[in-house]
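# Chains, contacts and geometry: an overview
So you can see what is in the structure, the chains are spelled out below.
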Amino acid sequence: MNPPQIAETVSGYNFTWQKEMITIEVTRVHAHTDGRVTGEIAISTSAPGYGPHLHQAQFNFSSSRSRRELAKTLEEKYPKLVNWHDILEQLAVYTLDRARRGETVSKLETGDNIKPPEYILEPIILKNYPTIIFGDPSTAKSTVALIFAQIMTWPLAWIGHFSEIIPPPQPIVCLYLDYETDDDTIRWMLTKLQRGMKLPTLELNYRRCALPLAQDVDQIHRHISDTQAEVIIIDSLGLACGGELKEAESALAFFSALRQLKITSLILAHTAKNPETKKRSVFGSVFFEAQARSIWEIRKAQDTGEDEMDIALFHRKPPPFQRLCQPIGFNIKYGPDTMVVSQGKPRTIGEFLAALGTQAQIEELLKNGPMSTEEIARALDTTQNAINVAISRLKKKNRIIKLPGSKWGLTVELEL
């Protein structure tokens, strides 16, 4: 029997025995820590008088017993079609070889033409990598994600609206993977945005999702291919991950599936609060933050009964090649059937002060007049050592100056 033709797919392989007219699609291949390699197989044939579908099941490629039992089953159902023992033996050998071989080794060299990593939506969405935006419930994460999707889809229409955000030079196709709402809700939000911003008819590739990403990766890959999407938006991480979020295995399975898609991603997530350190982070395993290349925290300020809100994005984890970015602010005003988005300034809103870095907080305090180190430490509820470090850095930047009476003041009038 001749070897099969083998084509790699996003989560497995397609095997074709042309002479025997047999095709076996292998998906969801998983190499276990105990050495087993498992996956799902779907067997079909182009032989006249059959299916084409013959059999579909989970399969253990490492088990000789599994091969014998499946070959016996197929021989009973299709005794004259092919030599099933040989087919399954080749299937197992080639699958095990590829699953354990992994990616090939590339030789990397420096050169004058090497380009730095790119942004699709600078400084938020890094090309070819996962970016996470996390925040408390009802902080407009989905709304901001839809705004970003439309900036990428219609970049020319958004030029000049936000000084901190740079639209891409060309339209970018997005695919919105929704685990939380429905298409009617998203369509209404887009319609309000289109009316409020006086934009042309807006479009968005949308898919309602129920299965965790790791179990749905093949179908999602097909949708990416069909829509020619360059960015996927995952709303949100909890349901897309599946399983217990605090377990490392859930996080690693999610990012392993995401890596198979080989696409830029924006992931929405919820907040974990550490009562001891008061640090806010992505809810779940530490691997969610470890695997994301860039992380932003979103916060909202809105008075009860008001149809207007201020949104701020704070950069919590920069890519390896970049420093932390300054906060980015939005103002969103809602009408009965409109949504108007404009640039905001997070430093001017009291609710956001605590989310700024220590140096920025000190500058905000000193806008109200000179203060001593002790007064600053009390106002920010932190130690004098932490304040001394921040003050030293502000002095080196020529942002503050020592005044009589051991007080500190601003050297320049900062923008309000």
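Here the structure is a predicted model, which is why all the values come from computation and not from measurement.

When you go through the protein chain residue by residue, the secondary structure sums to 12 helices and 20 strands. Computed over C-alpha atoms, the radius of gyration of the protein chain comes to 27 Å, more than 25% over the 22 Å expected from 2.2 N^0.38 for 416 residues, which places it beyond the range of a compact globule. Seen through its C-alpha atoms, the protein chain measures out along the principal axes to roughly 100 × 50 × 50 Å. Out of the 416 residues belonging to the protein chain, those deemed buried represent 44%. Residue pairs at least 24 apart in sequence account for 58% of intrachain contacts in the protein chain once pairs closer than 6 positions are excluded. Carbon and sulfur atoms make up 48% of the accessible area of the protein chain, which totals about 22,600 Å². On the protein chain, the mean spot of the 48 positive side-chain charges and the mean spot of the 49 negative ones are 5 Å from each other.

With that settled, the discussion passes to the pairing of strand β11 (residues 231-235). Most of β11 sits inside the fold, with 5 of its 5 residues counted as buried. Neither face of β11 is left uncovered, since the one carrying V231, I233 and D235 and the one carrying I232 and I234 both have all their residues buried. Relative to β11, strand β9 (residues 174-178) runs parallel, the two sharing 5 bridges. In the strand pairing of β11, C174 is matched with V231. Two elements, β11 and strand β12 (residues 264-273), share 5 bridges in a ladder whose sense is parallel. Along β12, the bridge assignment pairs V231 with T264.

Here we come to the side chain of D218. Looking at where D218 falls in the secondary structure, it is placed in helix α6 (residues 213-227). The side chain of D218 sits in the buried core without any salt bridge; R28 is the nearest counter-charge, 4.7 Å away. Setting aside chain neighbours within four positions, we find D218 in contact with V10, S11, T27 and R28.

Moving on to the packing of helix α1 (residues 64-77) against helix α2 (residues 84-101). Closest axis-to-axis distance for the α1/α2 pair is 9 Å, and the angle between their directions is 140°. Taken together, the axes of α1 and α2 are oblique relative to one another. Two packed elements cross with a definite hand, and for α1 against α2 that hand is right-handed. Across the interface between the two elements, R67, L70, A71, L74 and E75 of α1 pack against W84, H85, L88, E89 and A92 of α2.

Further remarks concern the environment of A257. Position of A257 among the secondary structure elements: in helix α8 (residues 248-261). Sequence-wise, A257 and I362 are 105 residues apart; in three dimensions their C-alpha atoms are separated by 43 Å. Residue contacts for A257: discarding those within four places in its chain leaves L213, A214 and V217.

Turning our attention to the pairing of strand β16 (residues 328-334). The buried fraction of β16 amounts to 5 of the 7 residues, a majority that puts the element mostly inside the structure. Inspection of the sheet shows strand β15 (residues 308-317) paired to β16 by 6 bridges, in the antiparallel sense. Bridge pairing in β16 links E308 to K333. Pairing of β16 with strand β17 (residues 339-344) involves 6 bridges; the strand directions are antiparallel. Counted as the bridge partner of N331 is S342 from β17. Counting the residues that bridge the hairpin from β16 to β17 gives 4 residues.

Relative to the helices and strands, S372 is located in strand β18 (residues 371-372). Ignoring anything within four residues of it in the chain, the contact list for S372 reads S406, K407 and W408.

As a further point, take a nonpolar patch on the surface. Side chains of L252, V286 and F287 sit close together on the surface and give an oily, nonpolar patch of about 260 Å² of accessible area. Tracing the backbone shows F287 in helix α9 (residues 286-291). The class for F287 is partly exposed, based on a relative accessible area of 31%.

Let's shift gears to a negative patch on the surface. The grouping of D303, E306, D307 and E308 at the surface amounts to a negative patch. Along the polypeptide, E308 turns up in strand β15. Owing to a relative accessible area of 33%, E308 belongs among the partly exposed residues under this scheme.

About the criteria used
- Residues numbered from 1 in each chain as written.
- Predicted model: local features only at pLDDT ≥ 70, side-chain atom pairs only at ≥ 80, totals over all residues.
- Heavy atoms only, no water.
- Helix = DSSP H or I, 4+ residues; strand = E, 2+ residues; numbered from the N terminus.
- Rg over C-alpha atoms; globule rule 2.2 N^0.38 Å.
- Buried < 20%, exposed > 50% of the residue type's maximum accessible area, 1.4 Å probe, protein only.
- Contact = heavy atoms within 4.5 Å.
- Areas by Shrake-Rupley, 256 points an atom, 1.4 Å probe, with all protein chains shown as cover.
- Lys, Arg positive; Asp, Glu negative; His and termini not counted.
- Charge placed at Lys NZ, Arg CZ, Asp CG, Glu CD.
- Pairing = 2+ DSSP bridges.
- Salt bridge = Lys/Arg side-chain N within 4 Å of Asp/Glu carboxyl O.
- Axes fitted to C-alpha atoms, helices over the stretch in contact; angles between N-to-C directions.
- Parallel < 35°, antiparallel > 145°, perpendicular 65-115°, else oblique.
- Left-handed = near helix turned anticlockwise from the far one by under 90°.
- Patch = residues over 30% accessible without salt bridge, like charges linked within 9 Å, V, L, I, M, F, W, Y side chains within 5 Å.

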